[in-house]
Amino acid sequence: MKMRNKFLALFLAVSMSFTASACGSADTNKQSEGKPATENTAADKDEEKESDVDVYAAAVEKMKDISSLNGKMLVEMDMKIEANGESQTMSTTTAMDMSCTYNPTRLKADATIDAGDGNQLKTSVYAEAAEDGTFTMYMNNGSEWQSQSIDAADIAQYDAASNMTGYMQDSYNFQDAGTEQVDGKNARKYTGVITGDDMRKTMMSTGALNSLSNLGMDESQVETMIKDLGELPITLWIDEAEMYPIKYEMDMTSMMNSLMSGIIESMGDEAAGLTFEYTKVKMEMTCSDFNAVDEITIPEEAKTAASAA
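Residues numbered from 1 in each chain as written. Predicted model: local features only at pLDDT ≥ 70, side-chain atom pairs only at ≥ 80, totals over all residues. Heavy atoms only, no water.

1. Considering the overall build of the protein
Note the following rule: A run of DSSP states H or I qualifies as a helix once it reaches four residues; a run of E qualifies as a strand once it reaches two. Both are numbered from the N-terminal end. Burial status follows relative accessibility: with a 1.4 Å probe on protein chains alone, a residue under 20% of its type maximum counts as buried, one over 50% as exposed, and anything between as partly exposed. We call two residues in contact when some of their heavy atoms are within 4.5 Å. Note on areas: Shrake-Rupley with a 1.4 Å probe; residue coverage comes only from the protein chains shown.
When you go through the protein residue by residue, the secondary structure sums to 7 helices and 11 strands. The burial tally for the protein puts 45% of its 309 residues in the buried class. Of the contacts made within the protein by residues no fewer than 6 positions apart, 66% connect residues no fewer than 24 positions apart. About 15100 Å² of surface is accessible on the protein, with carbon and sulfur atoms providing 43% of the total.

Quick look at the structure:
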């Protein structure tokens, strides 16, 4: 029982770290300058194909000049652990509402983590850019405010625009998949896959890998383990009327199972008889209110706490 609870706590911490850090962990400095591939290559469909390319290209360009937007992130995880002849299941849902304004950059995020046991962990985060390019982040854990200075890369998970454009990469080989309705809008759908070096860079760029030190793994073990995580499917939707990317979705189930299998194997005898399985790890993000978000104001109590620190 103690071993099961110990590993469940550790693996849950690793799971939450990886899925949270995956938000904004892609290379946000390298937007795709290429064009998504299409399945329609017949000469009599050239006009249709060109229209599809324009939707994607226009979305990449329009995201470079936005002044504000709202974003909603949702991460759902179902998992099962077995040890000492016993089993336990757990489901968690993490929801984050983001508001972002730019020039200058200010961010607001309200996150709720629900582990299905009646308890919810809620946090509020504000951030504003400083003159030296760093950010001051203010965080409330439900009882008090804290502040710290962080680099721009560390704030990406709260930045809806960086989050969206970071996953619009030409190397993901996006394929046209037709049109679907998203929040009442006609949206062009593209499907892609994150593989190989892109996968490695995405994983290594997350601070979540530091969580593996709690399981006794060194950097070389981590590098070896993440070289063979398979493929990470990603789906992107672009509003055909406004030409903005309004949703992406990733099924991380297979990747997270490969990751956890590598962790358990690296632990040797300490994890003998232990199995950990993800039955669902799904992340999605939607964006809205492009160039229509009101000015974000940092709460006075947050600034007061920061000045007193």
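Back to the write-up after that little detour.
2. Examining helix α6 (residues 253-266)
Put simply, the rule reads: Here the expected span of a helix is defined as 1.5 Å times the quantity of residues minus one.
In a regular helix each residue adds 1.5 Å, so 14 residues correspond to 20 Å; α6 covers 20 Å between its end C-alpha atoms and thus fits that length. Among the residues making up α6, those that are buried are Thr253, Met255, Met256, Asn257, Leu259, Met260, Gly262, Ile263 and Ile264. At the C-terminal side of α6, Gly268 shows a positive phi close to 60°.

3. Structural notes on the environment of Tyr190
Secondary-structure assignment places Tyr190 in strand β8 (residues 185-194). Of the residues examined, Tyr190 reaches a relative accessible area of 0% and is grouped as buried. Sequence-wise, Tyr190 and Gly178 are 12 residues apart; in three dimensions their C-alpha atoms are separated by 7.6 Å.

4. Observations regarding the sheet that holds strand β4 (residues 120-129)
Basically, it comes down to this: Pairing between two strands requires that DSSP report at least two bridges joining them. As a rule, the C-alpha atoms of each element are fitted with a line to give its axis, helices using only the stretch in contact, and angles between N-to-C directions run from 0 to 180 degrees.
Taken in spatial order, the 11 strands line up as β6-β5-β4-β3-β2-β1-β11-β10-β9-β8-β7 in an open sheet, and their pairing is antiparallel. With one partner strand each, in any of the chains shown, β6 (145-150) and β7 (175-182) form the two edges of the open sheet. Neighbour-to-neighbour, the strand axes of the sheet open up by a mean angle of 20°, direction not taken into account. Where strand β1 (residues 68-83) meets strand β2 (residues 86-101), 16 bridges bridge the pair, whose relative direction is antiparallel. Bridging across to β2, Ala83 finds its partner in Glu86.

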